[in-house]
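In case you want the letters, here they are:
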Amino acid sequence: MASEEQPDPNRRDFLGLVTGVVGAVGVAGACWPFISSMNPSKEVKSEATARVDLGSIPKGKTHTVEWQGKPVFVVHRTDEQIAEMAAKESQLDRQTDAARVQQPQWLVVVGICTHLGCVPNRTQEGWSCPCHGSVYDNSGRVVRGPAPKNLIVPHYEFAADNTLIIGEA
Ligand code: FES
């Protein structure tokens with residue numbers, strides 16, 4: 001007499017589950033190189049940021065660094081400049097000095113005039129644009145047009161080793 005064995009439903013469910021998990025892991029493994037290749041390369045990441053050794057900039061001096069093809073002015077402001085900027089109101093593009101700096105002694109601004117994009121020249125009072133005469137103060141705030149806006153403050157952070165990192169890593 002021949003007996004037919006009935007499949008065990010628990011065993012079948014288990015095998016189905018194992019097959020599904022193995023398949024999902026296989027698909028993820030096959031896709032990973034493609035997904036990984038979409039992340040920015042190390043070179044692109046390093047171009048996204050610029051590092052400045054703050055210890056090399058004496059008080060009262062300005063260091064210009066290139067970041068993403070643009071000049072960025074890093075100013076080590078004097079106590080007098082800090083006090084003057086804190087007390088001064090900007091009239092054209094209203095902004096307090098405190099809203100533009102993380103640490104009062106360091107001003108970090110993109111060195112591109114907000115009128116038509118010339119690079120302003122450093123002066124005792126701030127910057128003066130050689131193209132159409134706009135003037136910015138030592139907080140990078142526009143005090144005379146035709147520039148309509150203050151100099152842009154880029155994203156930046158201070159690293160523990162007295163390094164400034166401009167841009168987002
Ligand atoms: S580009 Fe600076 S004032 Fe026009």
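Everything here concerns the structure above.
Now for a description of the structure that goes with this document.

About the cut-offs
- Residues numbered from 1 in each chain as written.
- Predicted model: local features only at pLDDT ≥ 70, side-chain atom pairs only at ≥ 80, totals over all residues.
- Heavy atoms only, no water.
- Helix = DSSP H or I, 4+ residues; strand = E, 2+ residues; numbered from the N terminus.
- Buried < 20%, exposed > 50% of the residue type's maximum accessible area, 1.4 Å probe, protein only.
- Contact = heavy atoms within 4.5 Å.
- Polar contact = N/O pair within 3.5 Å; in protein donor to acceptor, adjacent residues only side chain to side chain.

Brief notes about the environment of D97
- Inspection of the secondary structure assignment puts D97 in the loop between α3 (79-87) and β4 (106-110).
- The exposure class of D97 is buried, given its relative accessible area of 6%.
- Along the backbone, D97 and A87 are 10 residues apart, and their C-alpha atoms lie at a distance of 8.5 Å.
- Apart from residues no more than four positions distant in its own chain, D97 is found in contact with R77, M85, A86, S139 and R141.
- A polar side-chain atom of D97 sits 2.6 Å from a polar atom in the side chain of S139.

Regarding the side chain of T114
- Its location among the elements puts T114 in the loop between β4 and β5 (121-122).
- Look past the residues within four positions of T114 in its chain and what remains in contact with it is Y136, A147, P148, K149, N150 and L151.

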